[in-house]
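Now for the letters of each chain:
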Amino acid sequence: QVQLVESGGGLVQPGGSLRLSCATSGFTFSNYAMRWYRQAPGKPRELVAIIATGGSTNVADSVKGRFTISRDNAKNTVFLQMNSLKFEDTAIYYCNAYIRSDNYWGQGTQVTVSS
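Residues numbered from 1 in each chain as written. Predicted model: local features only at pLDDT ≥ 70, side-chain atom pairs only at ≥ 80, totals over all residues. Heavy atoms only, no water.

Chemist: What should I look at first to understand the state of the cysteines in this one?
Modeler: Cysteine pairs can be covalently joined through their sulfur atoms, and such a bond is termed a disulfide. Throughout the structure, instances matching the rule amount to one disulfide. Between Cys 22 and Cys 95 runs a disulfide, and the two sulfur atoms are separated by 2.2 Å. Sign of the S-S torsion, about -80 degrees for the bond between Cys 22 and Cys 95, identifies this disulfide as left-handed. Taken together, the residues Cys 22 in strand β3 (residues 18-25) and Cys 95 in strand β9 (residues 91-99) connect sequence positions 73 residues apart. (Disulfide = S-S within 2.5 Å. Helix = DSSP H or I, 4+ residues; strand = E, 2+ residues; numbered from the N terminus.)

Right, dumping it as structure tokens:
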């Protein structure tokens, strides 16, 4: 059974940093690309970052230069390092894996940027 469990969210001031983690199980982690999405209140879910099996990455323009996605295949975990956080980064952040034509999601972790 595929499971994705996010952690690391919280309340942070503008300019601060957070590191999100997504621990996975139930599939061969190293064989799949992993993604982070986010959804702000009243807005559609948007793709934030993706990391391929080989480690190549891509991030949305809105977070370029501030967010970094990485993975640890030995721990079956994907990370999202978020620096220089802005008010508009406030959202629920979700980990995602697309496995054998099915989309799998974690429960999400809330990130709130507020002074």
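Chemist: Would you mind going over the environment of Arg 19 with me for this structure?
Modeler: Position of Arg 19 relative to the elements: it lies in strand β3. Residue classification places Arg 19 among the partly exposed residues on the basis of a relative accessible area of 46%. The sequence separation of Arg 19 and Leu 80 amounts to 61 residues, and the corresponding C-alpha distance is 5.6 Å. Those residues in contact with Arg 19 that sit more than four places away from it in its chain are Ser 7, Gly 8, Phe 79, Leu 80 and Gln 81. (Buried < 20%, exposed > 50% of the residue type's maximum accessible area, 1.4 Å probe, protein only. Contact = heavy atoms within 4.5 Å.)

Chemist: Can you help me understand the packing of aromatic side chains in this one?
Modeler: Any aromatic ring pair is given by two values, namely how distant the centres are and how the planes are angled relative to each other. On inspection of all chains with the given rule, the structure shows four aromatic pairs. Taking the centre distance of 6.3 Å and the plane angle of 50 degrees together, the rings of Phe 27 and Phe 29 count as tilted. Of the two residues, Phe 27 and Phe 29, neither departs from the other in class, the shared state being buried. An aromatic cluster of at least three residues, connected via ring pairs, comprises Phe 27, Phe 29 and Tyr 32. Here Arg 19 stacks its cationic end above the ring of Phe 79, 3.9 Å away from the centre of that ring. Above the plane of the ring of Trp 105 lies Arg 45, whose end atom (NZ or CZ) is 4.5 Å from the centre. (Phe/Tyr/Trp six-rings, centres within 6.5 Å; stacked < 30°, edge-to-face > 60°. Lys NZ or Arg CZ within 6 Å of the ring centre and 35° of its normal.)

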